[in-house]
Amino acid sequence: MIKENKNTTNTAKIANLAKELVNLTVTEVNELTIILKKDYGLEYNHDNQNNQNITETDPINQEQKKENIKYNMILKSSGNSKLAVVKLIKEITGRGLKDSKELVDSVPTTIKESLNKEEAELLKKKFEDIGAEIELIN
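Residues numbered from 1 in each chain as written. Predicted model: local features only at pLDDT ≥ 70, side-chain atom pairs only at ≥ 80, totals over all residues. Heavy atoms only, no water.

A cluster of nonpolar side chains, contributed by Leu17, Leu21, Leu32, Ile35, Leu36, Tyr40 and Leu42, occupies part of the molecular surface with about 650 Å² of accessible area. Mapped onto the nonpolar patch, the elements with two or more residues apiece are helix 1 (2-22) and helix 2 (26-40). Of all the elements, helix 2 adds the most residues to the nonpolar patch, at four residues. Summarising the element assignment, Leu17 is placed in helix 1. (Patch = residues over 30% accessible without salt bridge, like charges linked within 9 Å, V, L, I, M, F, W, Y side chains within 5 Å. Areas by Shrake-Rupley, 256 points an atom, 1.4 Å probe, with all protein chains shown as cover. Salt bridge = Lys/Arg side-chain N within 4 Å of Asp/Glu carboxyl O. Helix = DSSP H or I, 4+ residues; strand = E, 2+ residues; numbered from the N terminus.)

This is the structure we're talking about:
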């Protein structure tokens, strides 16, 4: 029973400390930073490898990174249906028929740049459905 009371007391103590920290003003946070550095040798470092490791292994941050990655779509081969690929390039890029045909004739070539993952995967599937070979590069 004593241990449960001690744990409850520690939990309450930490919760109160958290409330106090959250309610600090910017000036108070700066003062706290100075005290932690001066008196305890603790310093916040943006480039701290441990902070990077935590961030890199955090599933939420990994998902956000994936969402922020931009992809370039490279046409590797038009396959057997060159005309269908030319039409699709014309449709998704807004280029003219001649420019679209020149892209297909000069494979490997970049079709679109800076696509988010969802859009890149959708367009890749459209090209693959008509027999083209597409590579996404981030």
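After that view, the rundown keeps rolling.
Contact geometry of helix 5 (residues 82-93) with helix 7 (residues 117-129) gives a least axis separation of 10 Å together with a crossing angle of 155 degrees. Taken together, the axes of helix 5 and helix 7 are roughly antiparallel relative to one another. Seen from above, helix 5 lies across helix 7 with right-handed handedness. Residues Val85, Leu88, Ile89, Glu91 and Ile92 of helix 5 touch helix 7, and the partners they reach there are Leu123, Lys126 and Phe127. (Axes fitted to C-alpha atoms, helices over the stretch in contact; angles between N-to-C directions. Parallel < 35°, antiparallel > 145°, perpendicular 65-115°, else oblique. Left-handed = near helix turned anticlockwise from the far one by under 90°. Contact = heavy atoms within 4.5 Å.)

This brings us to the pattern of salt bridges. Counting across every chain of the model gives five salt bridges. Lys76 is the partner of Glu135 in a salt bridge, and the nearest nitrogen-oxygen pair spans 3.2 Å. Of this pair, Glu135 sits in strand 3 (residues 133-137) while Lys76 sits in strand 1 (residues 71-77); the two residues are 59 residues apart in sequence, bridging distant segments of the chain. The exposure class of Glu135 is partly exposed, given its relative accessible area of 31%. Overall, the relative accessible area of 34% leaves Lys76 in the partly exposed class. Taking the shortest distance from any N to any O, the salt bridge between Lys125 and Asp129 comes out at 3.4 Å. Here Asp129 and Lys125 lie together in helix 7, a separation of four residues that amounts to about one turn. Owing to a relative accessible area of 49%, Lys125 belongs among the partly exposed residues under this scheme. Salt bridges sharing partners connect three or more residues here, namely Lys82, Lys101 and Asp105. (Buried < 20%, exposed > 50% of the residue type's maximum accessible area, 1.4 Å probe, protein only.)

Note on soluble globular proteins: their nonpolar side chains tend to be buried together. Formed by 18 residues in total, the largest nonpolar core has its most connected members in Met73, Leu75, Val85, Ile89, Ile111, Phe127 and Ile134. Those elements that place two or more of their residues in this core are strand 1, helix 5, helix 6 (97-105), strand 2 (109-115), helix 7 and strand 3. Those residues in contact with Val85 that sit more than four places away from it in its chain are Leu75, Ser78, Val104, Phe127, Ile130 and Ala132. (Core = buried A, V, L, I, M, F, W, Y, C linked by side-chain atoms within 4.5 Å.)

Distances and angles like these do not, on their own, reveal function.
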